[in-house]
Amino acid sequence: MLSYMLRLNYSYANKYLLTLTGRSDGYSAFGKNNKYAFFPSVAAAWNMSSEEFMENQSNWMDMLKVRLSWGSNGNQAINPYQTLDRLKLTNYIWGDHGTVVNGSYLLTDGVGNPNLKWETTLTRNIGLDFGFWNGRLSGSLDAYWNTTKDLLMQTTLPKGAGYEFQYQNFGQTSNKGIELALDAILVDQKDFGLNFNFNISYN
């Protein structure tokens, strides 16, 4: 593995937040044509509780932030040499005198694929963070949509090909859902405290 990443964070008046990320990942086990892939992402947030029009709510509202993000990430779930044609050493009988010599033969369990590339997941997310009454109640609400393309799949080949299978980028999956998390301080006394944590999700 060899990775490079550059990240830029920007904040204006503690109201508007922006993060830009560019990441390049390389994996030697991929085919010679696609060892590297680039994965960008961007995230923005609006801290509404810092706005002037929210000042009258500060006696009961601690924080209210809206988030929006989009980005991609890679998966390299293959073993080394899976994209190459592989040889195995063996011994042969050579000549009339039965001399044992070293040789090799082509493995037929899998054929190489020099065009195999990274499996990529694209994530989209919108969220809301909130806090009330001096931290007595806080939490977050998130909605997401993920799509994964170029899945790393072991594809069965026809018998006439002379090989059993080949790793290929094939197919696409998608999942979406919402998540809610709540944290509450029910009792906060000197000698006794009681916290309540709750989360629920639908996918």
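Shown above is the structure to which this text applies.
Residues numbered from 1 in each chain as written. Predicted model: local features only at pLDDT ≥ 70, side-chain atom pairs only at ≥ 80, totals over all residues. Heavy atoms only, no water.

Q: I'd love a proper account of the overall build of the chain, names of residues and values included.
A: The secondary structure content of the chain amounts to zero helices and 12 strands. For the chain, the N- to C-terminal ordering of α and β elements is β-β-β-β-β-β-β-β-β-β-β-β. Based on the C-alpha atoms only, the size of the chain along its principal axes is roughly 100 × 40 × 30 Å. Among the 203 residues that make up the chain, the fraction classed as buried is 28%. Within the chain, counting contacts between residues at least 6 apart in sequence, those at least 24 apart form 56% of the total. Roughly 13,900 Å² of accessible area belongs to the chain as shown, and the carbon and sulfur atoms make up 56% of that amount. Computing the positive centroid from 16 side-chain charges and the negative centroid from 17, the chain places the two 6 Å apart. (Helix = DSSP H or I, 4+ residues; strand = E, 2+ residues; numbered from the N terminus. Buried < 20%, exposed > 50% of the residue type's maximum accessible area, 1.4 Å probe, protein only. Contact = heavy atoms within 4.5 Å. Areas by Shrake-Rupley, 256 points an atom, 1.4 Å probe, with all protein chains shown as cover. Lys, Arg positive; Asp, Glu negative; His and termini not counted. Charge placed at Lys NZ, Arg CZ, Asp CG, Glu CD.)

Q: A description of the packing of aromatic side chains should follow, citing residues and the corresponding values.
A: One pass over the full model with this rule turns up 10 aromatic pairs. When the centroid spacing of 5.6 Å and the interplanar angle of 80 degrees are considered together, the rings of Tyr 27 and Phe 30 count as edge-to-face. Across this residue pair, the class does not change: Tyr 27 and Phe 30 are buried. Between Lys 176 and the ring centre of Trp 145, over which it is positioned, the NZ or CZ distance is 5.2 Å. (Phe/Tyr/Trp six-rings, centres within 6.5 Å; stacked < 30°, edge-to-face > 60°. Lys NZ or Arg CZ within 6 Å of the ring centre and 35° of its normal.)

Q: An account of the pattern of salt bridges is needed here, citing residue identities and associated values.
A: Here the structure, examined in full by the defined rule, presents four salt bridges. Of the charged contacts, one joins Asp 142 and Arg 67 as a salt bridge, the two residues approaching to 3.1 Å between their closest N and O atoms. Of this pair, Asp 142 sits in strand 8 (residues 137-149) while Arg 67 is found in strand 4 (residues 61-75), placing the two residues 75 residues apart along the sequence. Judged by relative accessible area, which is 22%, Arg 67 ranks as partly exposed. A salt bridge links Asp 150 to Lys 117; its shortest N-O distance comes to 3.8 Å. With Asp 150 in the loop between strand 8 and strand 9 (152-156) and Lys 117 in the loop between strand 6 (99-106) and strand 7 (119-132), this pair connects stretches of sequence that are 33 residues apart. (Salt bridge = Lys/Arg side-chain N within 4 Å of Asp/Glu carboxyl O.)

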